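A look at the structure
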Amino acid sequence: MPVPGKSTRWAAVAASVLLAAAALPVAGADSATAADASRPGAARTPMRYLNQHLDWQPCASGALECAAMAVPRDWHHPDQGPNLTVEVSRHRATDPAKRRGVLMMAAGGPGASGLKRPAGLAAYAPGLAATYDIVSFDQRGVGSSTKVTCSDQSAVDAYFSGDKRDRSADAIHQTFAQARAFVRDCQRRSKGLLPYITTEQAVHDMDLYRSLLGADTLSYYGPSYATVLGASYATEFPHRVARMVLDSNVDFTGTWQSFMEAQPFSFQRRFEADFLPWLAKNDGVYHQGRTPAQAKETFERLRRGLHEHPLVLDGTTITPDQLDAATSNAIYQADPGFEKLATALTVLEHPDTAPPAAKQALAAALAHPIDAGFVADFFSVVCNDTPWNRSTSYWTAQSGRATRDYPLVGARSLAYSAVCAAWPRSTAPHIHITGRDLPPILMLNSTHDPATYYEGALRDHRTLAGSRLVTVGGGGDHGQFQNHNACVDNLVEGYLLNGTVPPTDTTCTANPLPVPSKAGTNPH
C-alpha cells in the first residue's frame, strides 16, 4: 500500500513540502541558476524560462494568489516538446517588517494537490506566516498543472474493489490484466507526457520557482513523499539548501519497489499494535471485542461476510478491498482516524440499525477507494523514478507471502506492483541521494508510522551524515509537524526560524490516543 492512502476522505494527514527562502534580487538568483547549470551533466535553464514573470491573481478560493509558471517538458532537452504549466500559489507574510523570505509548500503522495495548502499552514503556524511569504504549487502531472491522465474513475474503482486475498489463478490473472489495461490507458491518454512525470524533473521545476521568487538559498520542510522530493533537491542543488526538515521519511536508500515491498509489515504493525488494543480498550463504546484478539476476529468476520455477500450501502457496493482500504487510510492518524474507523465497523456490522446519516457518510467515503487523478500521477512517479521487477511470477509469489503474513495491505500489494511491472521501461535519470555539502538536517519519524516505517527513517538518517533524528515514541501517526504535538512543533519552528538544531538525536512523546465521544454513532 503506497503513501497515497492519504488522498481519500478519511486521510487526516496532509503530506506537504515547505521551502523557506531568503529573498535576493531576481538577477542574482538568475545568475546563480546559471552557475548551477555549469556542473557536469546538470540541466541548463534557458533564459526564456528564467525571464518569465509570475502574473499573480486571486486564486479561485479567494484566500491566496495564484499564477502559472512555464517549465520545459524535459529539463534535459528543454528545446524539445511543448512547455508544461506548473500552477503556483502564495500567501504573503502578515508582518512585512519581519519578513525573511519564502516558505514553499508542495503536496506529497505523489499525486496530491498543494495549491491551497499555504492557507492551512498560515493558520496553524502564525509565527511562520508572519515571517515568510508561504507559497506552494501543484507538481507537474497534478491538479491545476499540466496533468497526467490514465483510466477513468469507474475503471479505477473496479480495479481497487473486490477481494485481493483471493489467490486463485483466475483472480491473479485478472489483476495483471486490469493493470495492463490501466497502463494502456495512461499511454493512450497522456501520450508523450508520461516519461516526464518524475521526481527528478519536478526538482528542476522547484529550482526554477526558487529563481523566479528571487531566492538564492532555500530552507525546506517536507513530510512523506516530500522527503524524497526534498532530499533529491538537496542532492541536485546542495548549495541552495540553508535548512531542511524531513518528516515521516520514505526510505530513499533503495528503490520505490523495495520501499513498497516493506510497507505491508508496517501497516500491519500499526493495525495490531495500536488500533486493535485501542478498539478493545473501548469495547464499551464500539462492542468489537474486549481483547485485541477478539477485536481482530470481529474484523475478520466482517470481512468474510463482505466477501460472501458484498454490502450495498446507500447505493455503494462495499467489498473486502474497500474495507481494507478504509482501514489502512484511517490508521494514518489516530485522531480522528481511530474513532471514524471504529464507528464504520459498527455501521457495517449492523447496517439495518445504523443512523441514516452515518450510512450515507460511510457510503460516500467508501465509494471511491482512490481518486483516479491521484493514482495516475502516483504511478507515473513511482514507476518512472526507479526500476521495477517485471516478472509476473515474481510478483505472484511475493504478493502471496505478503497476503499470508501482512494481509491488511499485503493482499492489495499486487494491484500496485502489477502496474509498475507493466509500465513502459523508464529512461529517467535516477538521483542517488547523498548528504554531501549539506547543513545539519532535522528528521522526524514516529516509531509505528504505517506508511513511512521507522526502519527506513533510520537508514535515511545514516545516509544523511550530520542529520538529527527526532523520534516520536509511543505512537504511529504519519506526519509529525502540524499534528498538535508541542514538542515537535517547537523543534521544527525553532529550527526554521532560528536555525536551532538539537545537539544530538532526541525524542518527543507521541500524542495520546483519542478518547471516544459517547455519541459514537453506535447502532446498538
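Residues numbered from 1 in each chain as written. Predicted model: local features only at pLDDT ≥ 70, side-chain atom pairs only at ≥ 80, totals over all residues. Heavy atoms only, no water.

Re the confidence of the model for the protein chain
Inclusion rule: For every residue, the predictor reports its confidence as pLDDT, a number between 0 and 100. A contact between two residues is defined here by any heavy atoms of the two lying within 4.5 Å.
Looking at the protein chain, the pLDDT average stands at 90 and 91% of residues meet or exceed 70. In this model residues 4–35 is a low-confidence stretch, pLDDT under 50, and it forms 134 contacts with partners more than four residues away in sequence or in other chains. The low-confidence segment residues 37–41, where pLDDT is below 50, has 6 contacts with residues more than four positions distant or belonging to other chains.

Observations regarding the state of the cysteines
One covalent bond between the sulfur atoms of two cysteine residues makes up a disulfide. Put simply, the rule is: Criterion for a disulfide: a pair of cysteine sulfur atoms within 2.5 Å. Each residue is assigned to one of three classes by its accessible area relative to the maximum for its type, calculated with a 1.4 Å probe on protein chains only: buried under 20%, partly exposed between the two thresholds, exposed over 50%.
As enumerated under the stated definition, the model contains 4 disulfides in all. Each sulfur in the disulfide pair Cys59 and Cys66 lies 1.9 Å from the other. Its S-S torsion of about 100° marks the bond between Cys59 and Cys66 as right-handed, since a negative value means left-handed. Like Cys59, the residue Cys66 is buried in the burial classification.

Remarks on the pattern of salt bridges
What counts here: We define a salt bridge as a contact between a side-chain nitrogen of Lys or Arg and a carboxyl oxygen of Asp or Glu at a distance within 4 Å. In DSSP terms, a helix is any run of H or I states spanning at least four residues, a strand is any run of E spanning at least two, and both are numbered starting from the N terminus.
Within this structure, the stated rule accounts for 22 salt bridges. A salt bridge links Arg140 to Asp205, with the nearest nitrogen and oxygen atoms 2.7 Å apart. Of this pair, Arg140 sits in the loop between β6 (132–137) and α5 (153–159) while Asp205 sits in helix α7 (residues 199–212), and the two are 65 residues apart along the sequence. An identical accessibility class is assigned to Arg140 and Asp205; each is buried. Between Arg188 and Asp185 there is a salt bridge whose closest N-O contact spans 3.1 Å. Here Arg188 pairs with Asp185, and both are found in helix α6 (residues 169–190), just 3 residues apart, close to one helical turn. Taking relative accessible area as the criterion, Asp185 reaches 17% and is therefore assigned buried. Members of the salt-bridge network, linked through shared partners, are Asp163, Lys164, Arg303, Asp321 and Asp324.

Notes on the packing of aromatic side chains
Filter applied, for reference: The rule is short: rings of Phe, Tyr and Trp, with Trp giving its six-membered ring, pair when the centres are within 6.5 Å, and they are stacked under 30 degrees, edge-to-face over 60, tilted in between.
For the structure shown, the criterion picks out 24 aromatic pairs. Residues Phe378 and Tyr416 carry aromatic rings whose centres are separated by 6.3 Å and whose planes lie at 85° to one another, so their mutual orientation is edge-to-face. Here Tyr416 lies in helix α18 (residues 413–422) and Phe378 lies in helix α15 (residues 372–385), a separation of 38 residues in the sequence. Ring geometry for Phe379 against Tyr416: centres 5.8 Å apart, planes inclined by 35°, an arrangement best described as tilted. Placement of Phe379 in helix α15 and of Tyr416 in helix α18 is noted, with a sequence separation of 37 residues between them. Overall, Phe379 belongs to the buried group, its relative accessible area being 0%.

Describing empty space enclosed by the protein
Spelled out, the test is: A pocket here means an open set of points on a 1 Å grid, computed over the protein atoms alone, that has protein on both sides within 12 Å along at least five of seven lines. A cavity is instead a set of points where a 1.4 Å probe fits but cannot get out; residues with an atom within 4 Å of a point line either one. Grid points are joined across faces, edges and corners, and a volume is the space filled by probe spheres set on the points. Here the term charged refers only to Asp, Glu, Lys and Arg, the term nonpolar to Ala, Val, Leu, Ile, Met, Phe, Trp, Tyr, Cys and Pro, and the term polar to all other amino acids, Gly among them.
Within the structure shown, the criterion is met by 5 cavities of 30 Å³ or more. Lining of the largest cavity is provided by 16 residues; of these, Val228, Trp256, Asp385, Thr386 and His430 occupy positions nearest its centre. At the level of secondary structure, the elements contributing two or more residues to the lining of the largest cavity comprise α7 and α8 (225–236). Of the residues contributing to the lining of the largest cavity, the split by class is 7 nonpolar, 6 polar and 3 charged.

A few points about α18
A large share of α18 lies buried, amounting to 9 of its 10 residues. Burial in α18 covers these residues: Ser413, Leu414, Ala415, Tyr416, Ser417, Ala418, Val419, Cys420 and Ala421. On the buried face of α18, the contacting elements are α5, α6, α9 (256–281), α15, α16 (392–405) and α17 (407–410).

Points about the pairing of strand β13 (residues 506–509)
Regular strands place their side chains on alternate faces of the sheet. For clarity, the cut-off: Should DSSP find at least two bridges between two strands, the strands are taken to pair. Handedness of a crossover is defined as follows: with both strands directed away from the viewer, a clockwise route from the first strand across the helix to the second makes it right-handed.
Two elements, strand β12 (residues 468–473) and β13, share 4 bridges in a ladder whose sense is parallel. Paired with Val470 across the two strands is Thr506, which belongs to β13. Taking the sense of rotation as the criterion, the β-α-β connection linking β12, helix α20 (residues 486–498) and β13 turns out left-handed.

Comments concerning the environment of Leu366
By the secondary structure assignment, Leu366 is in helix α14 (residues 356–366). Counting along the chain gives 43 residues from Leu366 to Leu323, while the straight-line C-alpha distance between them is 7.9 Å. Those residues within four positions of Leu366 in sequence are excluded, and the remaining contacts are Thr316, Ile318, Gln322 and Ala326.

Points about the nonpolar core
To keep things clear, this is the line we draw: Definition used in this section: a nonpolar core is a set of buried Ala, Val, Leu, Ile, Met, Phe, Trp, Tyr and Cys residues joined via side-chain atoms within 4.5 Å.
Counting residues in each nonpolar core, the largest one holds 88 residues, and the members touching the most others are Met69, Phe160, Phe182, Tyr209, Phe379, Val419 and Trp423. Of all the elements, α15 adds the most residues to this core, at 9 residues. Counting residues in hydrophobic clusters, the runner-up holds 36 residues, among them Leu279, Leu323, Ala344 and Ala451.

Things to note about the pairing of strand β4 (residues 83–91)
The element β4 is largely enclosed, with a buried count of 7 among its 9 residues. Here 8 bridges tie strand β3 (residues 65–72) to β4, and the two strands are oriented antiparallel to one another. Looking at the pairing, Ala67 lines up with Val88 of β4. Where β4 lies against β6, 4 bridges are found, and the strand directions are antiparallel. Looking at β6, one finds that His91 is bridged to Ile134.

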